Amino acid sequence: MPSGNGLGPKVRDNADGTICVEYEPKKEGRHEVLMSYDGSGVDGSPFACVVDKIENSFITAFGAGLVGGLSGDSVGFTVVAKRGTAKDIEVKIDGPAKVDLQRKDNDDGSANFNYMPMTPGAYNINIKYHGKPIKGSPFVAKVSGEGRKRSTLSLANSAEYSLKIIEPDIVDLVGTVQTPGGQIEPIILKKMDNGELGIAYFTPRQKGEYVVCVLRSEKNINNSPFRIKVGDKEIGHAAGCTVKGDISEALANKSNEVIIDTTNGGYGGLTVSIEGPHRSEVEVYKVEDRVYTVHYSPHEPGIYILNIRFADEDVPGSPFLVNVGGNPSGRVRETITKDVEPAAAISAGSPSEFVLQIPGTNPFDMEASMTDPEGISELCEVMDQEDFHYLIKMTPKTNGLHTVSIKHKGMHVSGSPFQFSVGQLSHGGPHKVQVGGPGLEKGEVGLQNVFNIYTREAGPGTLSVAVEGTAKATIQLEQRPNGFLGAQYKTSKPGMYGVHVKYNDVHIPGSPFMVNVAPDSGVARQISIHALKDKGLLIDKPVTFSVAFNGAQGHLHATVRTPSGGHMDCLCQEMDTGVYAVRFIPKENGVHYVDVKLNDAHIPDSPIPIMVGSTASDPAMVTASGDGLEHGKCGAKNKFIVRTAGAGSGLLAVFIDGPSKSALSCKELDEGYEFSYTPFCPGNYLITVKYGNIPIAGSPYQAVVTEALDNGVGRKPSPVVEQSSMAVETVEKKAGAGGVRRKLTGDASKVIAKGPGLKKAFTNRVQTFNVEIKDAGNAVLSIGMISPSGFPEAELSLKKVSQTTYTVNYKVQEIGEHILHIKWGDDEIPGSPFVLTT
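Quick caveat: nothing in here was measured; it's all calculated off a predicted structure.

A. Summary view of the sheet that holds strand 3 (residues 29–33). Spatially, 3-6-7-9-12-11 is the arrangement adopted by the six strands of the open sheet, whose pairing is antiparallel. Either end of the sheet is taken by a strand with one partner, and the two such strands are strand 3 and strand 11 (101–105). Across the sheet, the axes of successive neighbouring strands diverge by a mean angle of 20°, strand direction being ignored. One ladder, built from three bridges, connects strand 7 (residues 57–62) with strand 9 (residues 75–80); its direction is antiparallel. Its bridge partner lying in strand 9, Ala61 is registered against Val79.

B. Structural view of the pattern of salt bridges. Applying the stated criterion to the full structure yields 19 salt bridges. Between Glu468 and Arg333 there is a salt bridge, and its shortest N-O distance comes to 3.1 Å. One end of the pair, Glu468, is in strand 46 (residues 461–469); the other, Arg333, is in strand 34 (residues 332–340), with 135 residues separating them in the sequence. Its relative accessible area of 11% is what places Glu468 among the buried residues. According to the relative accessible area criterion, Arg333 is partly exposed, its value standing at 34%. Among the ionic pairs, Lys667 bridges to Glu674, the shortest N-O distance being 3.6 Å. Counted as one network, the salt bridges with shared partners bring together Glu209, Arg227 and Lys229.

C. Structural context of empty space enclosed by the protein. Overall, the coordinates contain four cavities of 30 Å³ or more when judged by the stated rule. What the largest cavity holds in volume is close to 120 Å³. Forming the boundary of the largest cavity are 14 residues, of which Leu356, Ser414, Gly415, Phe418 and Phe484 lie nearest the centre. Element by element, the count of residues in the lining of the largest cavity is highest for strand 43 (residues 434–436), at three residues. Within the lining of the largest cavity, the residues separate by chemical class into eight nonpolar, six polar and no charged. Here the second largest cavity defines a volume of roughly 80 Å³. Tyr201, Asp312, Pro659, Ser660 and Lys661 are, among the 10 residues lining the second largest cavity, the residues nearest its centre.

D. Region of the structure containing the environment of Val80. Summarising the element assignment, Val80 is placed in strand 9. Assessed through its relative accessible area of 27%, Val80 is described here as partly exposed. Once the C-alpha coordinates of Val80 and Asn112 are considered, the two residues, 32 residues apart in sequence, prove to be 8.8 Å apart.

E. Molecular detail of the sheet that holds strand 47 (residues 474–479). Spatially, four strands are ordered 43-45-48-47 in an open sheet, and the strand pairing comes out antiparallel. Edge positions in the sheet fall to strand 43 and strand 47, since each has one partner strand and no second. Going across the sheet, the axis of each strand differs from the next one's by a mean of 20°, ignoring polarity. With three bridges joining them, strand 43 and strand 45 (residues 449–454) adopt antiparallel strand pairing. Note that in strand 45 the partner of Gln434 across the bridge is Tyr454.

F. Spotlight on the pairing of strand 53 (residues 543–548). Across three bridges, the pairing between strand 52 (residues 528–530) and strand 53 is antiparallel. Within strand 53, the position partnered with His530 by the bridge is Ser546.

G. Quick look at a nonpolar patch on the surface. Together, Val11, Ile19 and Val21 make up an exposed nonpolar region whose accessible area comes to about 260 Å². Within the fold, Val11 resides in strand 1 (residues 10–13).

H. Representation of the nonpolar core. In this structure, Phe640, Val642, Phe675, Ile687 and Val689 are the most contacted members of the largest nonpolar core, which totals 27 residues. Secondary structure elements with two or more residues in this core: strand 63 (638–643), strand 64 (651–658), strand 65 (662–668), strand 66 (672–679), strand 67 (683–691), strand 69 (701–706) and strand 70 (722–729). In terms of residues, this core owes the most to one element, strand 67, which gives four residues. In this structure, Val642 is in contact with Val622, Thr623, Ala624, Leu652, Glu671, Gly672, Tyr673, Phe675 and Val689, ignoring residues within four places of it in sequence.

I. Main features of the packing of aromatic side chains. Considering all chains together, one arrives at 17 aromatic pairs under this definition. Aromatic pair Tyr161 and Tyr267: ring centres 5.8 Å apart, planes at 75°, arrangement edge-to-face. Here Tyr267 lies in the loop between strand 27 (256–261) and strand 28 (270–276) and Tyr161 lies in strand 17 (residues 161–166), a separation of 106 residues in the sequence. On the basis of an interplanar angle of 75° and a centroid distance of 5.3 Å, the ring pair of Phe418 and Phe484 is categorised as edge-to-face. Here Phe484 lies in strand 48 (residues 484–490) and Phe418 lies in strand 42 (residues 418–422), a separation of 66 residues in the sequence. By the burial criterion, Phe418 is buried, and Phe484 matches it. Through pairs of rings, three or more aromatic residues link up here, namely Phe354, Phe418, Phe420, Tyr454 and Phe484. Lying over the aromatic face of Tyr267, Arg290 brings its terminal NZ or CZ to 5.8 Å of the ring centre.

Scoring rules and cut-offs
- Residues numbered from 1 in each chain as written.
- Predicted model: local features only at pLDDT ≥ 70, side-chain atom pairs only at ≥ 80, totals over all residues.
- Heavy atoms only, no water.
- Pairing = 2+ DSSP bridges.
- Helix = DSSP H or I, 4+ residues; strand = E, 2+ residues; numbered from the N terminus.
- Axes fitted to C-alpha atoms, helices over the stretch in contact; angles between N-to-C directions.
- Salt bridge = Lys/Arg side-chain N within 4 Å of Asp/Glu carboxyl O.
- Buried < 20%, exposed > 50% of the residue type's maximum accessible area, 1.4 Å probe, protein only.
- 1 Å grid on protein atoms, 1.4 Å probe; cavity = no way out; pocket = protein on both sides within 12 Å on 5 of 7 lines; lining within 4 Å.
- Points joined across faces, edges and corners; volume = space filled by probe spheres on them.
- Nonpolar A, V, L, I, M, F, W, Y, C, P; charged D, E, K, R; others polar.
- Patch = residues over 30% accessible without salt bridge, like charges linked within 9 Å, V, L, I, M, F, W, Y side chains within 5 Å.
- Areas by Shrake-Rupley, 256 points an atom, 1.4 Å probe, with all protein chains shown as cover.
- Core = buried A, V, L, I, M, F, W, Y, C linked by side-chain atoms within 4.5 Å.
- Contact = heavy atoms within 4.5 Å.
- Phe/Tyr/Trp six-rings, centres within 6.5 Å; stacked < 30°, edge-to-face > 60°.
- Lys NZ or Arg CZ within 6 Å of the ring centre and 35° of its normal.

So this is what it looks like as structure tokens:
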């Protein structure tokens, strides 16, 4: 008892295998019941009980559910009040996720409560009696357990609206919509399947007329602005949607079907997510007249939550609690974790080295280069060590972010190019961890499947590598200098394996990587490839090579992965006994990967990278910069520049993942392309920039988007990650205008201008003054003079008269104020601008 005196409870045997313990509390506060059997404490003892006095009667609350539990397990508690007043007890639970509270009222004044928390976290249990909170309320129940795995699917075509016009090029179009309330919001434009221009995500929230403006170079296109009338039928409302199918019972590892009818729901985006103890496969099976058939397949039995949202609201009945039965998948997960120390900082001028393991390569075809912040590249020394380990040595000359490229036969190896900080290291976070290697593309039973992990730019943290599949895998991590780690895994059974790479308990971009581990390739090792040209290939021109079986038997199959992420089958034709010709016609510029398999096992050297188009389309030469890569404002345009000068032509793709869709537009510049994106709600957005389907060094970038003070679009963050993307087929841009510039350090305050021409101007008379730059360092000298009518002066000349002195002559013709600007670099010199009157 709170006073410390024992309350001698009565223990009564019920003669049915249960006992009844009775005690009558006399004081308010926390009581503890200590219970032991045969001298040892009963599981859960001491049991806590809170006693409060409300309106002359004692009320008590006790049970494990007030303290905590495990996610996915049912926990309970009991509240006892005066006989016959159980209906006056109110209980409400708030927490990280919605819980289904079961209640049973008893005649003796007690009420039993049960709830099943599905997400770990702290839950507040509010208990009221006669409208007053009891002592200790809200009780905080801490729920632990495996974090829920969420699989999501976002379908925006229920929110598409065609503007009924044909626009061949939509890259440089910008769209806005004015709502009936007068608010102006950006919109996402897309080319519809029939070639018409449309709005990709039109979700009206009020009735009235919406005015859509579509601009190119700040000017309305033909027929713009468009007017859209929205009535009750068009407003997106989840209540108009119906759901049927497997929404309460389902089977693991089988396809379960849900049919969602949004015909009466107006315009809105549809999202389906399923969360539970394991991952699920979710895919849209067919779409017919705004009726969606979605298939989901959970990996393991258990309790799952199925969320179906339309126009940012739950459809009737959602979230659905689905009891998944069936047989376990038999998938086994093995995890290994490692604390990663911060990488040692390297200063300019000091030699640096790192080690990579790249199986299946030839040391004579390996090359590595490093590009400094100024854009100057130099080759690094590559030393061959045992078991396909390569020691790469370099000496950076300046501080800042360098780009390191590692190539085999002139093409980037998996994971290259990457950033390398010289000097101050930044703490990037999980999105800055990079991985690459053959072990993430293909695997083989009984062999060590190898890949490299690069954590230098991510800062210190905890790295975990897990392999999940049909058999237990053995995983090894090898510590290497300068932020590199080697990883390898070996397994005994073939099948599809998931390689999960997490940093500080967050999946890195692309994780989990799905790897097909083939049976022992055996006879596939005998196969050889002949007459393959891997460079200098052109679009729409056939690529042909031959495959010799060399005595092997089996079925040959070849596919191509294109730079835009698509797949296409190759034509395989037998030319002679055991000799096949393989042929395909590329439709895009960039690196294509050809998978050649015999009986589902990769042959040696497969996947084979081949370059279509100019070999100069090098992602290592592409850089991105701008404030929009780090921070942005909600509902406003945030900009960044991708510089492609000197990187050839190829497919440039930008992906933005975050809590909302983003309106994306692009403008061509001399040195590359300027992208603008407008997110609709605050949060963290990941911006991925790929060139020829290879991420550029430094990608992905994380931008923190905050609410704009004046233009809060007022949208709620989506519970699923929304992706917006844009692809541009780039044209070759020469480094030069807007190319790599030398950094000049000039001091404008040290420049001296003097002479009679700075005191007064006379019409139609040549005036002279001198500019002295002796102590001002290096910069561009720019001199300009403007007449009273606003045009540049007709005559102005500059001539060098000594090593540091320049003479300027000018002649004015108009009467009035003439303004003379003299700049050294970007800054005006002392006295500039000079005002000269005639």
